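Chain residues, written in single-letter form:
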Amino acid sequence: MNYRIEEIAACVHPVEVSLHQAQQQIEHVLTDSRSLTDATTTIFFALRTMTGDGHRYINVLHEHDVRSFVVARDAVLDDSVLADSNVLYVRDPLEALQRLSGAWRRNFTMPVVGITGSNGKTTVKEFLYQLLSYEKKVVRSPRSFNSQLGVPLSLFKIDATDEVAIIEAGISQPGEMERLQRIIRPTYGIITNIGQAHQENFIDTVEKLDEKLRLFKDSERIVYRADDAEIEEGLRRNGLFERAVGWSTKNPEAPLFVKEMERETALTHIECILDGKAYKLQLPFTDKASLENAMHAFLLLWVLSPDLPKCAAPHLAELEPVEMRLEVKEGGEDNLIINDAYNNDINSLAIALDFMQRRALHAGKRRVLILSDILQSAFLTRNLYRMVADMVKRYECDMIIGIGRELCAYQESFKEIEGYFYTDTESFLRSSLPGKLANSVILVKGARNYRFETIVERLAQKINETVMEINLEAMAENVKSIRRHIPQGVKVMAMVKANAYGTGAYETAKMLEEHHIDALAVAVADEGKELRKKGILTPIVVMDPEVNAFSTLIDYNLDPVVFSMSQFEELYYKIDKQGFDHFPIHLEIDSGMHRLGFSPQEAFAVAERISRQSVLSVRSIFSHLAAADEPQNDEYTMSQIKVFSEAYDKMVAVLGYKPIKHILNTAGIMRFPQYAFDMVRLGIGLYGVSPTPEEKLTPVVTLRTTLLQISDMPPGSTVGYGRHGLLPKGGKIGIIPIGYADGYDRRFGCGVGKVAIRGKLYPTIGNICMDTCMIDLTGSDAQPGDRVTLFGGEAPDLQELADSIGTIPYEILSHMAMRIQRIYYRG
Ligand SMILES: *Cc1c(COP(=O)(O)O)cnc(C)c1O
């Protein structure tokens, strides 16, 4: 579309005009303020619809530099708008828009195909478009823009270089088709069928059919299915039969006679005779509607030009299904994916970009376009990609990922934005880029044969190339083997704090509950709350209850640990106020850890205070060992046990009852089972890590990922940040999608960490990055897509891994990021 504002004024019959820049060139018609792109060359038509009033957006658009408006004659505009805008006041802005589009269409002499009918309009339009595009430059209505508003917007898309226009027309009320006919003026027509759709406002299908056929008042030829008696009757009734061209499966005299239709599983073979010539067609579907739609399109080709069917016949086998809606999916990494992976041409690209731009909920997200080559032979390739680049810029994309040889060749056109180019879909998927897209709106737009649905599949999943596999049965096995260490009747409390050391608190707790664990322990009240909300009924102890968590404790039936007098008083006050008595608490004694707990000297006083009330009642008294796993500290451990026992005895004497007594953690259980007392607290052992080298437990956790890419490195290459990976003789490096943000510690870099691929170990090379790291695959037969094990399985175990970087297995496990998917299995 391209008009000067004064030309528009002359065309739309305004009742009043106020022009400030009569010469202003207008290239874009806007009816939805959210679609604004290039403000100065835009004219806004303020439409009143059932759901909204465009006049309300005038001020905002003015602030965004729009200066041309078509408004209702009763509209009252702000002085600031009037001061510098071109305003055309009209009786009805929609009618004005239609008038303008009709005038625009009359500039052109190429054939215009009008399509109407109850169903299949959009499909026929798309099929026709696909078949014609091999030979001609075709413009068509976007999606199902077929209404009183959609048709004008479609017509504005026509330009002088187009050789055929395909316009869809839909109606829901009497009188509407006449308005559309006046502006479309189709040279040729297709009536798909007549059914019950949009029947509400018509007396019967006869009235509706007559209304639809008005579209073809001045058309030269009208394509229809000759076996449809109702339509044939309608054509006769309206004096159109002379111009009608039918296709039939019954009548050999019909211009297109479909002799044979043989359906296989996913395709249909058709033998037909068109204009005396025999064709053998193959169609990639079997449903009746698609076959009819394809026949409508095939016959129309012949109407356009007798030699077109021959050129198009082989392409019928490649017809693509028509996706009516852009599909929006949640991806991993806070990505939102707009799936438009079935066709790609310049018009539908504009629509998809517009769609992406309008989604307000994308605020703050990056806009990423993944685009295939555009298979539109009618354009000069260079111009085509320049147009695409303009569009990408206009819609403010932050990144383009171009896939295809043409895009690679013309990547220069996109140099103003961040761009990545790949010759084919596979190379993109094998690269590390898909794993890096985060917090973005990603428009995936590609022609069918690029199989972009594989990209959508990949992005739509939570990026689960890296998974932590947790063997719940092995966990249960470890509980059993721990129980064998301690005297019968001793209770076991399982430590599921910190999301069960990173393995996932709920699944772990659930499994433990099934195995009748006596109690669970979490670090903070919220962890306990989560477990209760998911249905865990086992007693839960909160080790470090926060001062403000009282109500959570009460609401979710969680037992707090009490470790100081002031905390006791506060808890007492709050719980008392709620009217409870005998609310269970657990007392922690500091026997030498010097973290939390009452000092042994306080024991007597504390017990005295507690014995004078009945609001809180002591369920257990415990202490924690500082160095149970270190033989060199065994003397200290013994003294801790002694100090704790004495304090316990003193308290019992005052309280007059015997709370549960416990001090052993995993290492304590393994090494000093004689001090198990009434209960033990099992932590790391549950997760398969044994604190004593002599004693093995069953491994529970395996961390795996996928080999994304392999690159050959010439001699002298350096790898990664700071160039710390050196390959003086060259070699081969692999990239895996895990980095320190996932919990793969940076200290595993530069060969410290080793991963297993196909049963062999390979060292890391260079520094670990945030989301990826590189491994030295020199001399290996590894392939992209191979499974990579980082710990567990064939890879080093957690203990070896921890030793190699001077930490403990606890840290490595609990640092595993939430974005790593946990997969639970048994056996
Ligand atoms: C975490 C924790 C444990 C468990 O220790 P492990 O060494 O993992 O068995 C036991 N008691 C307390 C107080 C803890 O905080």
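Residues numbered from 1 in each chain as written. Predicted model: local features only at pLDDT ≥ 70, side-chain atom pairs only at ≥ 80, totals over all residues. Heavy atoms only, no water.

Engineer: Just to check I follow, could you spell out the UniProt feature "domain: Alanine racemase C-terminal" (unreviewed entry) in the protein for this structure?
Structural biologist: The UniProt record marks residues 700-825 with the feature "domain: Alanine racemase C-terminal" (unreviewed entry), using the residue numbering of this structure. Span residues 700-825 is 10% helix and 37% strand, its end C-alpha atoms 10 Å apart. (UniProt positions renumbered as here; feature names shortened; annotations may be inferred. Helix = DSSP H or I, 4+ residues; strand = E, 2+ residues; numbered from the N terminus.)

Engineer: What's the story with the environment of Tyr-636 in this structure? I'm lost.
Structural biologist: Relative to the assigned elements, Tyr-636 resides in helix H25 (residues 634-655). A relative accessible area of 36% places Tyr-636 in the partly exposed class. In this structure, the C-alpha to C-alpha distance between Tyr-636 and Gly-592, residues 44 residues apart in sequence, is 8.2 Å. When residues no more than four places from it in sequence are discounted, the contact partners of Tyr-636 are Gly-592, His-594 and Ala-626. (Buried < 20%, exposed > 50% of the residue type's maximum accessible area, 1.4 Å probe, protein only. Contact = heavy atoms within 4.5 Å.)

Engineer: Even after reading the chapter, I still don't get the UniProt feature "binding site: substrate" (unreviewed entry) in the protein, so can you show me in this structure?
Structural biologist: Look at the UniProt record and you will see "binding site: substrate" (unreviewed entry) annotated at Arg-595 and Met-770. These residues run over 176 residues, and the two farthest C-alpha atoms among them are 33.2 Å apart, placing them at more than one spot. Mapping Arg-595 onto the fold places it in the loop between strand E28 (583-589) and helix H24 (603-611). Its relative accessible area of 54% is what places Arg-595 among the exposed residues. Tracing the sequence through the fold places Met-770 in the loop between strand E38 (760-765) and strand E39 (773-776). Excluding residues within four positions of it along the chain, Met-770 makes contact with Gly-739, Tyr-740, Ala-741, Asp-742 and Arg-819.

Engineer: Is there a simple way to explain the pairing of strand E18 (residues 336-340) in this structure?
Structural biologist: In terms of burial, E18 is largely enclosed, as five of its five residues are buried. Burial of E18 is two-sided: the residues Leu-336, Ile-338 and Asp-340 facing one way and the residues Ile-337 and Asn-339 facing the other way are all buried. Bridging between E18 and strand E22 (residues 440-445) involves five bridges; their strand directions are parallel. Each bridged residue has a counterpart across the sheet, and for Asn-339 the counterpart in E22 is Val-444. (Pairing = 2+ DSSP bridges.)

Engineer: Looking at this structure, I do not really get the pairing of strand E14 (residues 256-263). What am I missing?
Structural biologist: Here two bridges tie strand E13 (residues 244-248) to E14, and the two strands are oriented parallel to one another. Within the sheet, the bridge partner assigned to Trp-247 lies in E14 and is Leu-256. Adjacent in sequence and paired antiparallel, E14 and strand E15 (residues 268-274) are bridged by four residues.

Engineer: Looking at this structure, I do not really get the site of the ligand. What am I missing?
Structural biologist: In the region of the ligand, the neighbouring residues are Met-495, Lys-497, Tyr-501, Met-543, Arg-595, His-624, Asn-665, Thr-666, Arg-681, Gly-683, Ile-684 and Tyr-810. Here an oxygen atom of the ligand and a side-chain polar atom of Tyr-501 are 2.6 Å apart. Interatomic distance of 2.7 Å between a backbone N/O atom of Ile-684 and an oxygen atom of the ligand. Isolated, the ligand exposes 390 Å² of accessible area, and the fraction of that covered by the protein chains is 93%. Here the residues of the shell around the ligand are counted per class, giving five nonpolar, four polar and three charged. (Near = heavy atom within 4 Å. Polar contact = N/O pair within 3.5 Å; in protein donor to acceptor, adjacent residues only side chain to side chain. Areas by Shrake-Rupley, 256 points an atom, 1.4 Å probe, with all protein chains shown as cover. Nonpolar A, V, L, I, M, F, W, Y, C, P; charged D, E, K, R; others polar.)

Engineer: I would appreciate a short explanation of the packing of aromatic side chains in the present structure.
Structural biologist: By convention here, two paired aromatic rings are described through the distance between centres and the angle between planes. Within this structure, the stated rule accounts for 17 aromatic pairs. On the basis of an interplanar angle of 5° and a centroid distance of 5.6 Å, the ring pair of Phe-127 and Phe-285 is categorised as stacked. Separated by 158 residues along the polypeptide, Phe-127 in helix H5 (residues 121-132) and Phe-285 in the loop between strand E16 (277-283) and helix H10 (288-304) bring together distant segments of the chain. An aromatic cluster of at least three residues, connected via ring pairs, comprises Phe-644, Tyr-648, Tyr-675 and Phe-677. Taking NZ or CZ as reference, Arg-609 lies 4.9 Å from the ring centre of Tyr-572, over its face. One cation-aromatic arrangement involves Lys-661 over Phe-677; the distance from NZ or CZ to the ring centre is 3.9 Å. (Phe/Tyr/Trp six-rings, centres within 6.5 Å; stacked < 30°, edge-to-face > 60°. Lys NZ or Arg CZ within 6 Å of the ring centre and 35° of its normal.)

Engineer: How should I be thinking about a negative patch on the surface in this particular structure?
Structural biologist: A contiguous patch of negative charge, built from Glu-260, Glu-262, Glu-264 and Glu-271, is present on the exposed surface. The topology assignment puts Glu-262 in strand E14. (Patch = residues over 30% accessible without salt bridge, like charges linked within 9 Å, V, L, I, M, F, W, Y side chains within 5 Å. Salt bridge = Lys/Arg side-chain N within 4 Å of Asp/Glu carboxyl O. Lys, Arg positive; Asp, Glu negative; His and termini not counted. Charge placed at Lys NZ, Arg CZ, Asp CG, Glu CD.)

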